[in-house]
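# Fold and geometry: a report
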Amino acid sequence: QVQLVESGGGLVQAGGSLRLSCAASGRTFSNYGMGWFRQAPGKEREFVAGISWSGGRTYYADSVKGRFTISRDNNKNTVYLQMNSLRPEDTAVYYCAADRITRRMGYTQTVHEYDHWGQGTQVTVSS
């Protein structure tokens, strides 16, 4: 049973920073790409950032490029999302997710290509 547990969300003022963590268990973490998604009230879940299974490649939505950084520590089975220069429009529930394909070439930002999800952590950015 794969489990993903996010932490690190909270309330922050615009311009501030937060670091989200996602601890994984239940399968060989280092064989799978990981992604961060977010969902704001009344909106669809959207891709934020992704990282390849090896950690060698990272991918970002245009809206967060230059402000957010995704990383992973395969020794700790953990993926991180460092969020800087936060804006009110970043307010959402943030989810980490594991790719369903072992050692995928390239990356995917499609929700249904991720087969395991965390419970989500709320990020609220006040103006």
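Quick note: structure is the one above.
Presented here is a report on the structure given in the accompanying data block. (Residues numbered from 1 in each chain as written. Predicted model: local features only at pLDDT ≥ 70, side-chain atom pairs only at ≥ 80, totals over all residues. Heavy atoms only, no water.)

Turning next to the sheet that holds strand β3 (residues 18-25). Within the open sheet, the four strands sit side by side as β1-β3-β8-β7. Their pairing is antiparallel. Two strands in the sheet have a free side with no partner beyond their single neighbour: β1 (3-7) and β7 (68-73). Each strand of the sheet is rotated relative to its neighbour by a mean of 15 degrees, with strand direction disregarded. Taken together, the six bridges between β7 and strand β8 (residues 78-83) define a ladder with antiparallel strand orientation. Paired with Ser-71 across the two strands is Tyr-80, which belongs to β8. (Pairing = 2+ DSSP bridges. Helix = DSSP H or I, 4+ residues; strand = E, 2+ residues; numbered from the N terminus. Axes fitted to C-alpha atoms, helices over the stretch in contact; angles between N-to-C directions.)

This paragraph deals with the side chain of Asp-90. Residue position: Asp-90 is located in the loop between β8 and β9 (92-102). Using a relative accessible area of 1% as the deciding quantity, one classes Asp-90 as buried. At 2.8 Å, the side chain of Asp-90 forms a polar contact with the side chain of Arg-67. When residues no more than four places from it in sequence are discounted, the contact partners of Asp-90 are Arg-38, Arg-67, Phe-68, Ser-85, Val-123 and Val-125. (Buried < 20%, exposed > 50% of the residue type's maximum accessible area, 1.4 Å probe, protein only. Polar contact = N/O pair within 3.5 Å; in protein donor to acceptor, adjacent residues only side chain to side chain. Contact = heavy atoms within 4.5 Å.)

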